[in-house]
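Residue strings, one per chain:
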Amino acid sequence: GIIDFGDLLETKLINNLAIACAYAMLGNQEDPISAMIDVALGYHQKLQLQDEEIGILYHLAVLRICHSVVASAYESTLHPDNPYILISAKPGWECLQTLATRVTVNGPANRLHEVLTGESKDKFQCKGCSVM
């Protein structure tokens, strides 16, 4: 047998959750934040997220979507005959557009914190932020 260690690395667990959330967000263009919260809630029930992880999860998920669309654009220039490379590009750009027009900077983190902890205060404040 062959073992592929290409994706093996040491990282924070929150990064794996962010990747799962990103792809859930791509699958729910109408309400990508709810999709992220659903995945995070299931995870949180098994392994409780810390406040720092809750505060950064949305941003990590969006960065994963950004990485996906940029990587697919680059790879499509190297392999223009491979349609699989662009499979997440269109939903990725659509999701980013939805988030850019409907989501405030701290809204997702505060909403996620409320769902996971039951506390309804604005815990996360981004100083000087004006984008997603």
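Residues numbered from 1 in each chain as written. Predicted model: local features only at pLDDT ≥ 70, side-chain atom pairs only at ≥ 80, totals over all residues. Heavy atoms only, no water.

**Quick word on the overall build of the protein chain**
Counted only if it meets this: Numbered from the N terminus, helices here are DSSP runs of H or I no shorter than four residues, and strands are runs of E no shorter than two. What makes two residues a contact is simply this: any of their non-hydrogen atoms within 4.5 Å. Residue burial considers only the protein chains on display, and all accessible areas are found by Shrake-Rupley using a 1.4 Å probe.
On a plain count of helices and strands, the protein chain comes out with five helices and zero strands. Going from N to C terminus, the protein chain has its helices and strands arranged as α-α-α-α-α. If you take every contact in the protein chain between residues at least 6 apart in sequence, the share linking residues at least 24 apart comes to 68%. Of the roughly 8500 Å² of accessible surface on the protein chain, a fraction of 56% belongs to carbon and sulfur atoms.

**As for the packing of helix 1 (residues 13-26) against helix 2 (residues 32-46)**
Two numbers describe a pair of packed helices, the interaxial angle and the distance between the axes. Rules: Here, axes are lines fitted to C-alpha atoms. For helices the fit covers the stretch in contact, and angles between N-to-C directions go from 0 to 180 degrees. Angle categories: roughly parallel below 35 degrees, roughly antiparallel above 145, roughly perpendicular from 65 to 115, and oblique for all the rest. Should the near helix be turned anticlockwise from the far one by less than a right angle, the crossing is left-handed, and should it be turned clockwise, the crossing is right-handed. Any residue outside Ala, Val, Leu, Ile, Met, Phe, Trp, Tyr, Cys, Pro, Asp, Glu, Lys and Arg is labelled polar, Gly included; the first ten of those are nonpolar and the last four are charged.
In the contact formed by helix 1 and helix 2, the axes pass within 8 Å of each other and the chain directions differ by 140°. Overall, the two elements helix 1 and helix 2 adopt an arrangement that is oblique. As helix 1 packs across helix 2, the resulting crossing turns out to be right-handed. Across the interface between the two elements, Leu13, Leu17, Ala20, Cys21, Ala24 and Met25 from helix 1 touch Pro32, Ile33, Ala35, Met36, Val39, Ala40 and Tyr43 from helix 2. Of the residues contributing to the contact of helix 1 with helix 2, the split by class is 13 nonpolar, no polar and no charged.

**Re the side chain of Ser76**
Using the following cut-off: Residue exposure (1.4 Å probe, protein chains only): buried if accessible area is under 20% of the type maximum, exposed if over 50%, otherwise partly exposed.
Along the chain, the position of Ser76 falls in helix 3 (residues 51-78). Owing to a relative accessible area of 18%, Ser76 belongs among the buried residues under this scheme. Leaving out residues up to four positions away in the same chain, Ser76 has contacts with Ile85 and Leu86.

**Some details on the state of the cysteines**
What makes a disulfide is a covalent bond joining the sulfur atoms belonging to two cysteines. Put simply, the rule reads: In this description, a disulfide is simply a cysteine sulfur pair whose atoms lie within 2.5 Å.
Counting across every chain of the model gives zero disulfides. With no disulfide of its own, Cys66 has Cys95 as its nearest cysteine by sulfur position, at a separation of 9.6 Å. Residue Cys66 is classed as partly exposed on the basis of its relative accessible area of 27%.

**Some words on the pattern of salt bridges**
Formally: What counts as a salt bridge is simple: a side-chain nitrogen of Lys or Arg found within 4 Å of a carboxyl oxygen of Asp or Glu.
Taken as a whole and judged by the stated rule, the model has one salt bridge. Salt-bridge contacts for Glu94 lead to Lys90; the nearest nitrogen and oxygen are separated by 2.7 Å. A residue pair is termed a helical-turn pair when its members lie 3 or 4 positions apart in one helix, as Glu94 and Lys90 do in helix 4 (residues 89-102) at four residues.

**Considering helix 5 (residues 107-117)**
Where helix 5 is concerned, the buried positions are Pro108, Ala109, Asn110, Leu112, His113 and Leu116. At its buried positions, helix 5 is contacted by helix 2 and helix 3. At the exit of helix 5 stands Gly118, carrying a positive phi of roughly 85°.

**Structural notes on the nonpolar core**
Counted only if it meets this: Residue types Ala, Val, Leu, Ile, Met, Phe, Trp, Tyr and Cys, when buried and joined through side-chain atoms within 4.5 Å, form a set referred to as a nonpolar core.
Within the largest apolar cluster, 25 residues are counted, with the highest numbers of intra-cluster contacts made by Met25, Ile33, Met36, Leu57, Tyr58, Leu99 and Leu112. Elements represented by at least two residues in this core include exactly helix 1, helix 2, helix 3, helix 4 and helix 5. Dropping the residues within four chain positions of it, Met36 is found in contact with Cys21, Met25, Tyr58, Pro108 and Leu112.

Functional significance is not addressed by these values, which are geometric in nature.
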